[in-house]
Amino acid sequence: MKIGVEEASRMIAGANDVLLVGHTDPDGDCLGSLYALTKALKDSGKKAVAVIKKPLPVKHRYLADLLAPETKVPEKADLIIVLDTARTARQDFSPEELPKAPTLCIDHHLGEHEEYNDSFYDEKCAACAILVYRVITKLGIEIDKKIADALYTGIVTDTNSFTNQNTTEEAFQVATELVRFGADPGKIAAYVYGSLSPNDLTALSKSLGSLELYHNDTVAVLTLKKEWTCGQDVDTELFVNYARNLISTELAVMIIETDTGVRINLRSKGNFDARAVAVELGGGGHKAAAGIRMQATIDEARAALLKVISEKI
Ligand SMILES: [Mn+2]
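Not measured: the values here are computed from a predicted model. (Residues numbered from 1 in each chain as written. Predicted model: local features only at pLDDT ≥ 70, side-chain atom pairs only at ≥ 80, totals over all residues.)

## Description of the packing of helix H2 (residues 28-43) against helix H3 (residues 128-138)
Thought 1: As a packed pair, H2 and H3 sit with axes 8 Å apart at the nearest point and diverge in direction by 15°. By the angle between their axes, H2 is roughly parallel relative to H3. At the point where H2 passes H3, the crossing takes the left-handed sense. Residues Asp29, Cys30, Gly32, Ser33, Ala36, Leu37 and Ala40 of H2 lie in contact with H3, whose contacting residues are Cys128, Ala129, Val132 and Ile136.
Thought 2: When its residues are assigned to classes, the contact of H2 with H3 shows eight nonpolar, two polar and one charged. (Axes fitted to C-alpha atoms, helices over the stretch in contact; angles between N-to-C directions. Helix = DSSP H or I, 4+ residues; strand = E, 2+ residues; numbered from the N terminus. Parallel < 35°, antiparallel > 145°, perpendicular 65-115°, else oblique. Left-handed = near helix turned anticlockwise from the far one by under 90°. Contact = placed C-beta atoms within 7 Å. Nonpolar A, V, L, I, M, F, W, Y, C, P; charged D, E, K, R; others polar.)

Structure below.
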């Protein structure tokens, strides 16, 4: 059921022992939202624990004091808060791995929120961090510098520095408020965009060499093979933007080979519905930015994607 900020805040105010969980492969918005709400609830005197499965990416290590990878999930909670996803299948910890407790979803994706009894969602909102900002403000909890930095991280990453189609007046307004509360845009940008390793750049250069263009150059596809990553974790989050930034591109596709198949990032300049393509292949997201995971080879994934794109273009 869709609920508003008042009801979401009432649910949180009535709980003393809160467990917070994000989505798999958490991004800056997910991690910033998790960090900010956990710290705000702790500051207000509640027990609040955020659980993540994998270590924080290097670029978000400034959030490490509250977000350490958990191997053991607490056995009890009064309330579970799921952040930045519309689907239980996308949760970093599945419902089966979590204690039984009322669950509140706070999210900004288009999707099947009916899986959650209580969902505070707004798909027009640029970042989940903005919804978390509304909740913290409603609860009357002070936003200190650390919470401000975390929420600002969510907005700046999900809007790609205020350049994506989802960048709204509200995104600027809340970002301005957060800077007033102490968020440091220069420092956050230095971490988020300036933490690449030489291996990341080597992988990027190989990936750029894989560029393929379809449909009169309006569909740009990049791939990243595992053998190009030298066995290391590569920060691929921004690779897809190089394909999007081609003048002719309407839809950019990044296919990344993983241990279990492929991960696919889709970015649209606005005319093409990236989410519609993702949903056909079991993924989800937004009109301008969507993602899919498939148990497939790069060649199989490319063929499946091009088939769906041909039907929709
Ligand atoms: Mn988000």
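After presenting the structure, the write-up continues.
## Examining the nonpolar core
Thought 1: Ranked by size, the top nonpolar core spans 61 residues in total, and within it Ile106, Val132, Leu151 and Ile155 carry the most contacts.
Thought 2: Residues in contact with isoleucine 155, not counting those within four places in the same chain, are Ala126, Ala127, Ala129, Ile130, Ala171, Val174 and Ala175.
Thought 3: Val240, Val253, Leu266 and Ala278 belong to the second-largest nonpolar core, a separate cluster that totals 32 residues. (Core = buried A, V, L, I, M, F, W, Y, C linked by C-beta atoms within 7 Å. Buried ≥ 20, exposed ≤ 12 C-beta atoms within 10 Å, placed from the backbone.)

## Structural notes on the sheet that holds strand E4 (residues 103-107)
Thought 1: Spatially, five strands are ordered E2-E1-E3-E4-E5 in an open sheet, and the strand pairing comes out parallel. Here the strands that pair on one side only, and so sit at the sheet edges, are strand E2 (47-51) and strand E5 (118-121). Averaged over all neighbouring strand pairs, the angle between strand axes comes to 20°, with direction disregarded.
Thought 2: Strand direction decides the pairing type here: E4 and E5, joined by four bridges, are parallel. In the sheet register, cysteine 105 faces E5, and the bridge partner there is serine 119.
Thought 3: Sheet strands touched by H2: strand E1 (17-21), E2 and strand E3 (79-83). Its angle to E2, the strand with the most contacts, is close to 165°. (Pairing = 2+ DSSP bridges.)

## Quick notes on the pairing of strand E9 (residues 262-268)
Thought 1: Within E9, seven of the seven residues are buried, which leaves it mostly tucked inside the rest of the structure.
Thought 2: Burial of the side chains of E9 extends over both faces: Val262, Ile264, Leu266 and Ser268 are buried on one face and Arg263, Asn265 and Arg267 on the other.
Thought 3: The hairpin turn running from strand E8 (residues 251-257) into E9, its antiparallel successor, is four residues long, and glycine 261 in that turn takes a positive phi close to 155°.
Thought 4: Here E9 runs beside strand E11 (residues 289-294); their pairing, made up of six bridges, is antiparallel. Across the sheet, arginine 267 pairs through a bridge with alanine 289, a residue of E11.

## Some remarks on the domain arrangement of the chain
Thought 1: By domain assignment, the chain separates into domain 1 (5-193) and domain 2 (198-312).
Thought 2: Taking only C-alpha atoms into account, the centre of domain 1 sits 26 Å from that of domain 2.
Thought 3: Contact with domain 1, which involves 12 residues of that partner, is made by 10 residues of domain 2.
Thought 4: In terms of residue class, the side of domain 1 that touches domain 2 is built from three nonpolar, six polar and three charged. (Domains from an automatic or database assignment.)

## Some remarks on the environment of glutamine 295
Thought 1: Here glutamine 295 shows up in the loop between E11 and helix H10 (298-312).
Thought 2: Along the chain, glutamine 295 and arginine 263 lie 32 residues apart, while their C-alpha atoms are 8.9 Å from each other.

## Quick look at the environment of aspartate 122
Thought 1: Its location among the elements puts aspartate 122 in the loop between E5 and H3.
Thought 2: Residues aspartate 122 and alanine 288 lie 166 residues apart in sequence; the distance between their C-alpha atoms is 16 Å.
Thought 3: Setting aside its immediate chain neighbours within four residues, aspartate 122 contacts His108 and Leu131.

## Some thoughts on unusual backbone geometry
Thought 1: Here histidine 215, not a glycine, exhibits a phi torsion of approximately 50°, which is positive.
Thought 2: Within the secondary structure, histidine 215 sits in the loop between strand E6 (212-214) and strand E7 (219-224).
Thought 3: In this structure histidine 215 comes out as partly exposed when scored by C-beta crowding, with 15 C-beta atoms within 10 Å.
Thought 4: Of note, the phi angle at aspartate 217 is positive, near 65°, even though the residue is not glycine.
Thought 5: With respect to the element layout, aspartate 217 can be found in the loop between E6 and E7.

## Details of helix H7 (residues 198-208)
Thought 1: For H7, the set of buried residues is Ala203, Leu204 and Ser207. Buried residues of H7, seen end-on, are gathered within an arc of 105° and therefore sit on one face of the element. Exposed side chains of H7 directed beyond 90 degrees from the buried face belong to Pro198, Leu201 and Ser205.
Thought 2: Elements in contact with the buried residues of H7: E7 and helix H8 (239-244). (Arc of directions from axis to C-beta.)

## Side note on the pairing of E8
Thought 1: In terms of burial, E8 is a largely internal element, six of the seven residues being buried.
Thought 2: Pairing of E7 with E8, which is carried by six bridges, proceeds in the parallel orientation. Across the sheet, valine 221 pairs through a bridge with valine 253, a residue of E8.
Thought 3: Note on the crossover from E7 through H8 to E8: the handedness is right-handed. (Right-handed = clockwise from strand over helix to strand, strands pointing away.)

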